[in-house]
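Chains, contacts and geometry: an overview
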Amino acid sequence: MEPSTYPGPDVRLARLASAVGLPAEWPPTGEYLDGLAERTGLRTHDLLLVADLPVPGTAWLFDESAGASSSLVRHSLALPAPARQVLRTRARSMTAPVGTLTPSRPRVHEHYPPGFGSLLLRMLALRNLNWSGTAKVMCLMSGVCKAASTIGAVGRGAKAFDAEMLDGFAATLGVPVAVLAGLTGIRPPAESRALIPKVVDTAALVWEIRHLTQDQEGRLTEYAEVLNRE
């Protein structure tokens, strides 16, 4: 995506608002962003990225060896709705020990030019998902299966951000494809389907575990395995 085709933050935020029937507001208040987050399914921190506003430093504290594993995502998707809620409740009750999380430092290959691909990869980075993690989670949650290098190429603008990738990112973020279509101006695939509850719940789980350690994520995965056997 060339920078010249990438609109300014006021236009990007207005597009999201229009996609969910809200009036545009610039500059946005915190209350406005919270309301827009509720309507779009995005997180308020995601919208700070959209608006080029500072994201709190604590949002970037991670155990970068953690993040949602394929096993956890697979088990979450296989659970019935009540068990998915139990799993999410367990995830929300877990807190990383003091001193185990460190500030995320983008690597050289993660310095992206302005574009929608890079914007969405930064949203996923807020979920402690790198290229490889994104590729695995996206494949499980949407059926859009791409190599990690392809995910990175979308972020760098070396590969076009197309309708198929729109579907994949929407499912991974847990938002309606129409929301990302409104933001990016990309027409969604004709066969695009509405998000189903297990995908929405699993996307929420991915968000909720972003600040856990690898050991905690492993224990949560073991708990999800137990739930699947019950």
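Here the structure is shown first, and the text comes after it.
Cut-offs used in this document
- Residues numbered from 1 in each chain as written.
- Predicted model: local features only at pLDDT ≥ 70, side-chain atom pairs only at ≥ 80, totals over all residues.
- Heavy atoms only, no water.
- Disulfide = S-S within 2.5 Å.
- Buried < 20%, exposed > 50% of the residue type's maximum accessible area, 1.4 Å probe, protein only.
- Phe/Tyr/Trp six-rings, centres within 6.5 Å; stacked < 30°, edge-to-face > 60°.
- Helix = DSSP H or I, 4+ residues; strand = E, 2+ residues; numbered from the N terminus.
- Contact = heavy atoms within 4.5 Å.
- Axes fitted to C-alpha atoms, helices over the stretch in contact; angles between N-to-C directions.
- Parallel < 35°, antiparallel > 145°, perpendicular 65-115°, else oblique.
- Left-handed = near helix turned anticlockwise from the far one by under 90°.
- Nonpolar A, V, L, I, M, F, W, Y, C, P; charged D, E, K, R; others polar.
- Salt bridge = Lys/Arg side-chain N within 4 Å of Asp/Glu carboxyl O.

Quick word on the state of the cysteines
Applying the stated criterion across every chain yields a total of 1 disulfide. Each sulfur in the disulfide pair Cys139 and Cys145 lies 1.9 Å from the other. Residues Cys139 and Cys145 are joined through a disulfide that is right-handed, its torsion about the S-S bond being 70 degrees. Since its relative accessible area comes to 28%, Cys139 is described here as partly exposed. Given the relative accessible area of 46%, Cys145 is considered partly exposed.

Description of the packing of aromatic side chains
Taken as a whole, this structure holds 2 aromatic pairs when the rule is applied. Between the aromatic rings of Tyr6 and Phe116, the centroid separation amounts to 4.9 Å while the plane-to-plane angle is 85 degrees, which identifies the pairing as edge-to-face. Highlighted residues: Tyr6 in the segment before helix H1 (9-19) and Phe116 in helix H6 (residues 116-125), separated in sequence by 110 residues. Judged by its relative accessible area of 15%, Tyr6 falls in the buried class. Ring centres of Phe161 and Phe169 lie 5.5 Å apart, and the angle between their planes is 65 degrees; this geometry places the pair in the edge-to-face category.

Notes on the side chain of Ser76
By secondary structure assignment, the location of Ser76 is in helix H4 (residues 70-78). Setting aside chain neighbours within four positions, we find Ser76 in contact with Arg84, Leu87, Thr202 and Leu205.

So, the packing of H6 against helix H9 (residues 163-173)
For the pair H6 and H9, the least separation of the axes is 11 Å and the interaxial angle reads 25 degrees. By the angle between their axes, H6 is roughly parallel relative to H9. Read as a crossing pair, H6 and H9 show a hand that is left-handed. Contact residues: Leu120, Leu121, Met123 and Leu124 in H6; Phe169, Thr172 and Leu173 in H9. Among the residues making up the contact of H6 with H9, the classes are represented as 6 nonpolar, 1 polar and no charged.

Some remarks on the pattern of salt bridges
Within the structure shown, the criterion is met by 10 salt bridges. Note that Arg12 is salt-bridged to Asp52, the shortest N-O span being 3.0 Å. Of this pair, Arg12 sits in helix H1 while Asp52 sits in the loop between helix H3 (44-50) and strand E1 (61-62), placing them 40 residues apart in sequence. Here Arg12 falls in the buried class, since its relative accessible area comes to 2%. With a closest N to O distance of 2.9 Å, Arg84 and Asp201 form a salt bridge. Taken together, the residues Arg84 in helix H5 (residues 81-92) and Asp201 in helix H11 (residues 197-208) connect sequence positions 117 residues apart. Among the ionic contacts, a cluster of salt bridges with common partners joins Arg84, Arg88, Arg92, Asp201 and Glu208.

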